[in-house]
Amino acid sequence: MYPLLAAAVLAGALVGRRAWLRAGLRGVTGMVVGALAGFVGPLAVMNPIRSCTFDDERGGVDRALGILLFAGGAALAVGLAVWIVNAVARPAGPRAARDITFERGSFRGHRFFPFGLLAPTLVILVLFLYRPMVETFRLSTHEVRTTAPRQPFVCLDKYTRLMEPTIEWWAIGPAALLAVVLVANVVLARRGAVAPSLRKIRDLLVVLVVVAWATAVFGARYRGVFTTTLVLTTGTVVLSLALGLAIATLVSQKIRGRGVYRTLLIWPYAISPPIAGILFYVMFDPLVGIIGNVWETLTPFEMPNYRTEKWLARFVVILASVWKTIGFSILFYVAGLQNVPTDTLEAAQIDGAGPLQRFRHIVIPALAPITFFLIISNVTYAFFEVFATTTYLTTGGPSGATTDVMFALVQAATEQGNFGDGAAQSVILFAMVLAVTGWQFRSTGRRVTYGR
Amino acid sequence: MGVEESIRRPSKHDELRTSPTPTTVESSPARWRGRSRGLRRPTWPTHLMLVVVVAVLVGPVLYAVLVSTQSNNDLFSFALLPGDRLDDNWDVVWNERQLGRFMLTSTVVSVIIAFGKVVTSLLAGLAFVYFRFPGKWVVFGFVLVTLLMPTEISILALFRQVSDLGWQEAGPWGLPPLGLTVPFFASATGAFLFRQHFANLPADLSEAAQIDGVTPFQFLFKILVPLSWNAIGALLVIQFIYGWNMYLWPLLLQPDDQLVQVGLGGLRNADQGQAYGPLMLGALLASIPPILVFLVLQKPFMRGMAIGRDK
């Protein structure tokens with residue numbers, strides 16, 4: 001562990017020096033601060049788990065996970081230091097830009113009053129959100145069972161039990177491709193050529209590689225749960241957004257009664273996920289469901305049974321979620337379409353851009369903030385709420401085909417009474433939320449402006 | 001909506017006009033699509049497509065209405081006409097499985113959550129916009145970060161914590177179990193909604209109020225709240241539906257008074273085999289309150305979310 005610590009301190013010092021020099025400050029201070037961050041960060045992460053991953057009797061997966069955590073702690077602390085120095089050094093930092101307090105209009109002479117106003121919110125957040133969050137991390141490193149009073153520390157066993165890294169062609173392939181693209185990018189940049197399409201391919205490949213490698217890390221049992229979550233989430237988000245945008249475009253046309261249409265299109269938002277599950281449960285029922293009946297009347301084929309066919313089960317779950325979430329997507333896209341700059345559209349039309357070109361190059365970019373918001377909210381829905389649909393629709397089956405991360409973690413806690421396992425899976429889900437949010441911020445968030 | 005519709009009703013002048021006048025309300029893409037060749041395209045294809053879309057979206061509910069009047073035998077013969085078993089199904093849902101009791105609890109819980117969140121968010125918004133205090137940005141960040149931490153992520157730990165408090169038992173003064181409401185009284189979304197909303201009001205308001213010697217609370221209830229009905233309405237809709245749709249939490253907590261989304265589970269596999277009529281009837285009944293709230297508060301909801309600005 002000590003060589004690692006030395007490396008972290010060294011890296012922190014180098015990064016700190018660079019950041020401080022860039023901000024126009026003394027490099028030596030940066031070196032000291034960076035080194036300190038490189039020292040404190042990893043220890044802050046490793047101490048709560050007693051650095052157990054580096055114990056002699058631990059296996060390779062534990063060790064790799066430990067190194068990853070260690071590096072993560074260092075990166076977080078150093079990154080924080082750099083972020084702070086940038087924010088402070090810049091004359092009009094984020095502080096000034098984001099402060100919307102009225103200069104003249106704020107109430108004076110109430111020193112503790114605002115804290116009193118914030119107290120209800122803060123107390124609830126600390127007690128019922130932050131505290132359980134910390135407790136989740138603690139539970140995930142302990143063997144916690146409903147039946148047993150003792151809660152022994154088990155290091156990262158709860159995580160490593162889910163992991164069984166294997167080398168798969170679908171993990172290596174995209175990575176090799178990414179390497180080629182990266183090299184090509186560098187070569188092209190040296191020659192002064194710009195290849196925007198290559199950059200897009202690179203960004204796409206990065207996502208693909210991250211997803212594939214994350215999948216390859218999990219063991220056979222949990223890999224299915226992970227991929228199910230990916231499939232359900234992607235299906236729900238893509239269909240809900242694409243159909244939502246198409247329908248919103250339709251209902252934004254100047255036609256009579258579009259107010260009525262809007263109300264008729266948006267209401268499924270108020271339906272609950274369990275009820276969406278119940279309705280689709282009966283509609284797709286293999287014996288009495290109307291869908292099978294209509295299918296067999298219209299086509300010569302037999303309707304496959306979604307309670308035995310894996311792909312159909314997933315599809316029906318996606319369908320139910322899209323049905324429930326599409327109202328929300330339509331709602332926000334309709335609002336977004338009203339703010340598409342008309343003059344730009346008309347200018348493009350005069351320049352001879354066809355409807356499709358205008359849609360692709362003006363409307364879709366103008367909708368980026370809405371799309372960003374909708375992706376986040378639909379992903380959140382798919383991660384956390386689809387659970388309620390699947391319990392009524394498929395109960396996680398057939399043979400686990402619709403058991404996603406949320407379903408699995410609730411199962412671990414309620415059916416097996418194993419809260420440690422459940423908590424570890426919660427942390428994995430949390431990491432997935434962070435990854436999606438981070439990726440979204442990187443790809444579209446920069447262009448998004450909030451407020452006015 | 002009516003005014004706008006009457007102003008923009010298609011007329012012959014529309015086709016004759018050569019240059020777009022910047023003063024008219026022309027924010028919707030319909031303008032540039034409809035005018036692609038200087039002529040208005042017929043609107044019936046749009047109507048047709050929209051009717052189909054609406055039919056597909058309403059379909060599951062219509063089917064549920066149909067099934068809720070039928071017996072299992074009607075269903076097995078794929079009868080597409082209403083059956084005569086609504087009374088029996090109602091009897092199972094309402095008297096035997098006591099869906100009304102669950103719905104009552106859900107209503108009370110959702111209303112308490114919605115109002116609780118609105119009150120805490122209003123107070124937080126007031127503090128964020130109309131006060132200066134040390135460490136404001138730390139506090140702000142502290143609230144902001146919770147947007148990344150949905151309750152579901154730490155739900156197992158929360159469950160242990162709340163059941164240790166004994167909050168799954170019936171609450172004081174005949175209130176529903178505290179565990180169903182209190183943990184959800186804070187809302188980062190709400191705090192930001194009001195913060196944004198207040199920041200868009202003119203600064204003169206609070207300045208004038210201070211000159212008149214108005215206290216912050218008077219300012220909040222006499223001036224800000226009346227100016228914020230739309231935002232409040234929007235938040236009420238979102239949070240009522242949030243409360244009504246809660247499923248995993250009451251399922252884990254198993255409170256003394258159960259909520260409707262879990263209560264519906266009692267209609268599955270009742271007696272021998274699945275009785276579909278009662279199941280669908282229950283699902284329909286349990287959907288009425290949120291849709292009602294949505295329809296009643298639709299206008300403030302749309303306006304509060306800055307949606308439908310052309311209305």
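Throughout, a residue's number is its position along its own chain's written sequence, starting from 1. Lettering of chains starts at A and numbering of ligands starts at 1, both following the order in which they are written. Where totals are concerned, whole chains, interfaces and linings use all residues; where local detail is concerned, this predicted model gives features only for residues with pLDDT of at least 70, and gives and counts side-chain atom pairs only at 80 or more. Hydrogens and waters are ignored; side-chain quantities use all the structure's heavy atoms.

Next up on the list: the overall build of chain B. Secondary structure is summarised from DSSP: a helix means a run of H or I of at least four residues, a strand means a run of E of at least two, and numbering begins at the N terminus for each. What chain B contains, in helices and strands, is 17 helices and 0 strands. Accessibility here uses a 1.4 Å probe with only protein chains present; expressed as a share of the type maximum, an area under 20% marks a residue as buried, one over 50% as exposed, and anything in between as partly exposed. Of all 311 residues assigned to chain B, the portion counted as buried reaches 52%. In this description, contact between two residues means that some pair of their heavy atoms is separated by no more than 4.5 Å. The long-range share in chain B, meaning contacts at least 24 apart out of those at least 6 apart in sequence, stands at 70%. Computed by Shrake-Rupley with a 1.4 Å probe, the accessible areas treat only the displayed protein chains as cover when residues are assessed. Carbon and sulfur atoms form 64% of the exposed surface of chain B, whose accessible area is close to 14200 Å².

Summing up its helical and strand segments, chain A has 18 helices and 0 strands in all. Within chain A, counting contacts between residues at least 6 apart in sequence, those at least 24 apart form 68% of the total. Counting only carbon and sulfur atoms, one obtains 68% of the accessible surface of chain A, whose full area is about 22200 Å².

On to unusual backbone geometry, then. Trans peptide bonds make up the majority, and among non-glycine residues the majority have a negative phi. Residue and element names in this part refer to chain A. Although it is not a glycine, Cys-155 adopts a positive phi angle of roughly 55°. Within the secondary structure, Cys-155 sits in the loop between helix H5 (113–139) and helix H6 (157–160). The exposure class of Cys-155 is buried, given its relative accessible area of 1%. Positive phi, normally seen in glycine, also occurs at Thr-395, with a value near 45°. Within the secondary structure, Thr-395 is located in the loop between helix H16 (368–393) and helix H17 (405–414).

Taken together, the contact pairs 125 residues of chain B with 115 residues of chain A. Each reported salt bridge corresponds to a side-chain nitrogen of Lys or Arg within 4 Å of a carboxyl oxygen of Asp or Glu. Summed over the shared surface of chain B and chain A, the result is 0 salt bridges. Counted as a polar contact is a pair of N or O atoms within 3.5 Å, where, for protein atoms, one must be capable of donating a hydrogen and the other of accepting one, and residues adjacent in sequence contribute only when both atoms are in side chains. At the boundary of chain B with chain A, the tally comes to 15 residue pairs in polar contact (both at pLDDT 80 or more). Of all the elements, helix H4 (residues 44–67) of chain B adds the most residues to the side of chain B that touches chain A, at 14 residues. Ten residues, namely Ala, Val, Leu, Ile, Met, Phe, Trp, Tyr, Cys and Pro, are considered nonpolar, four, namely Asp, Glu, Lys and Arg, are considered charged, and the remaining ones, Gly among them, are considered polar. Its residues placed into classes, the side of chain B that touches chain A shows 82 nonpolar, 23 polar and 20 charged.

Structurally, Arg160(B) can be placed in helix H9 (residues 155–164). Setting aside residues no more than four positions away along its own chain, Arg160(B) makes contact with Leu139(A), Val144(A), Gln151(A) and Phe419(A).

Time to look at a nonpolar patch on the surface. Patches in this entry comprise residues that are over 30% relatively accessible and not in a salt bridge; like charges within 9 Å are linked, as are nonpolar side chains (Val, Leu, Ile, Met, Phe, Trp, Tyr) within 5 Å. Residues Leu80(A), Trp83(A), Ile84(A) and Val88(A) make up a contiguous nonpolar surface patch of about 450 Å² in total accessible area. Mapped onto the fold, Val88(A) is located in helix H3 (residues 60–89).

Turning next to helix H2 (residues 27–46) of chain A. All names here are of chain A. Between the first and last residue of a helix there are one fewer steps than residues, each counted as 1.5 Å, and that sum is the expected span. Compared with an ideal rise of 1.5 Å per residue, which puts 20 residues at 28 Å, H2 spans 29 Å between its outermost C-alpha atoms and is within 8% of the ideal. When H2 is considered as a whole, its buried residues turn out to be Gly-27, Gly-30, Gly-34, Ala-35, Ala-37, Gly-38, Gly-41, Pro-42 and Met-46. Along the axis of H2, the buried residues cluster in a sector spanning 160°; they form a single face. Residues of H2 that are exposed and point more than 90 degrees away from the buried face comprise Val-28, Val-32, Leu-36 and Ala-44. Packed against the buried residues of H2 are helix H1 (2–22) and H3. The directions considered for the arc are those from the helix axis to the C-beta atoms.

In this section: the domain arrangement of chain A. Residue and element names in this part refer to chain A. Entries for chain A in the domain assignment read domain 1 (2–162), domain 2 (166–217) and domain 3 (222–447). Start and end positions for the domains come from either an automated domain assignment or a database one. The C-alpha centroid of domain 3 is placed 33 Å from the C-alpha centroid of domain 1. Of the residues lining the interface, 14 residues belong to domain 1; the matching set on domain 3 comes to 14 residues. Among the residues domain 1 hides against domain 3, the three largest losses belong to Lys-158, Tyr-159 and Leu-162. Together they make up 36% of the total. Seen at the junction of domain 1 and domain 3, the total is 2 salt bridges. Across the pair Arg-161 and Asp-421 runs a salt bridge, and its minimum N-O distance is 2.9 Å. Scanning the region where domain 1 abuts domain 3 turns up 4 residue pairs in polar contact (both at pLDDT 80 or more). Looking at the side of domain 1 that touches domain 3, the elements with two or more residues in it are H5 and H6. Among the elements that line the side of domain 1 that touches domain 3, the one with the most residues is H5, at 4 residues. The quantity reported as buried area is the accessible area (1.4 Å probe) lost by two parts once they are put together, taken as the sum for both.

Looking now at the packing of helix H10 (residues 188–199) of chain B against helix H13 (residues 229–245) of chain B. All names here are of chain B. For the pair H10 and H13, the least separation of the axes is 10 Å and the interaxial angle reads 165°. It follows that H10 is roughly antiparallel to H13 by the angle criterion. Relative to H13, the crossing made by H10 is right-handed. Between H10 and H13, the contacting residues are Gly-190, Leu-193, Phe-194 and His-197 on the first element and Ala-231, Ile-232 and Leu-235 on the second. For the contact of H10 with H13, the per-class residue count stands at 5 nonpolar, 2 polar and no charged. Inter-axis angles, ranging from 0 to 180 degrees, are taken between N-to-C directions of lines fitted to C-alpha atoms, where helices are fitted over the stretch in contact. For this classification, under 35 degrees means roughly parallel, over 145 means roughly antiparallel, 65 to 115 means roughly perpendicular, and everything else is oblique. In this scheme, a crossing is called left-handed if the near helix is turned counterclockwise away from the far one by less than a right angle; it is called right-handed if the turn is clockwise.

Moving on, we come to the packing of aromatic side chains. Working definition: rings of Phe, Tyr and Trp (its six-membered ring) pair if their centres are within 6.5 Å, and the pair is stacked with planes under 30 degrees apart, edge-to-face with planes over 60 apart, and tilted otherwise. Applying the stated criterion across every chain yields a total of 35 aromatic pairs over all chains. With a centroid separation of 5.2 Å and 80° between ring planes, the pair formed by Phe140(B) and Phe192(B) is classed as edge-to-face. Here Phe140(B) is found in helix H8 (residues 136–145), whereas its partner Phe192(B) is found in helix H10, with 52 residues between them in sequence. A relative accessible area of 6% means that Phe140(B) is categorised as buried. A relative accessible area of 14% means that Phe192(B) is categorised as buried. In this structure an aromatic cluster arises from ring pairing among Tyr269(A), Phe328(A), Phe332(A), Phe373(A), Phe294(B) and Phe301(B).

This brings us to the pattern of salt bridges. What the rule picks out here adds up to 12 salt bridges over all chains. By sharing partners, the salt bridges in this structure join Glu143(A), Arg145(A), Lys158(A), Arg161(A) and Asp421(A) into a single network.

All names here are of chain A. Each residue carries a pLDDT score, the predictor's confidence in it, ranging from 0 to 100. Per-chain confidence: chain A averages 85 in pLDDT, with 94% of residues scoring 70 or above. Scored below 50 in pLDDT, residues 93–97 makes 3 contacts in the model with residues more than four places away or belonging to other chains. Contacts of residues 447–452 to residues separated by more than four positions or lying in other chains number 9 contacts, the stretch itself having pLDDT below 50.

Once that is clear, we can look at the nonpolar core. Ranked by size, the top nonpolar core spans 200 residues in total, and within it Tyr130(B) and Trp249(B) carry the most contacts. Residue assignment places this core across two domains, with domain 1 (2–162) and domain 3 (222–447) of chain A each supplying three or more. Only buried Ala, Val, Leu, Ile, Met, Phe, Trp, Tyr and Cys residues count toward a nonpolar core, and they belong to the same one when joined by side-chain atoms within 4.5 Å.

Moving on to H17(A). Across the 10 residues of H17(A), 8 count as buried, placing the element largely inside the fold. Along H17(A), the residues that are buried comprise Val405(A), Met406(A), Phe407(A), Ala408(A), Leu409(A), Val410(A), Ala412(A) and Ala413(A). Buried residues along H17(A) sit against helix H9 (220–251), H16 and helix H18 (419–443) of chain A together with H9 and helix H14 (248–253) of chain B.

So, about the environment of Gly66(A). Residue and element names in this part refer to chain A. Relative to the helices and strands, Gly-66 resides in helix H3. According to the relative accessible area criterion, Gly-66 is buried, its value standing at 0%. Considering only alpha carbons, one finds Gly-66 and Arg-17, 49 residues apart in sequence, at a separation of 27 Å.

As a further point, take the side chain of Ser321(A). Residue and element names in this part refer to chain A. Following the sequence through the fold, Ser-321 ends up in helix H13 (residues 310–338). When its relative accessible area of 0% is taken as the criterion, Ser-321 is described as buried. For Ser-321, the side chain forms a polar contact with the main-chain oxygen of Val-317, separated by 2.6 Å. The residues contacting Ser-321, other than those within four sequence positions of it, are Thr-236, Tyr-381 and Val-386.

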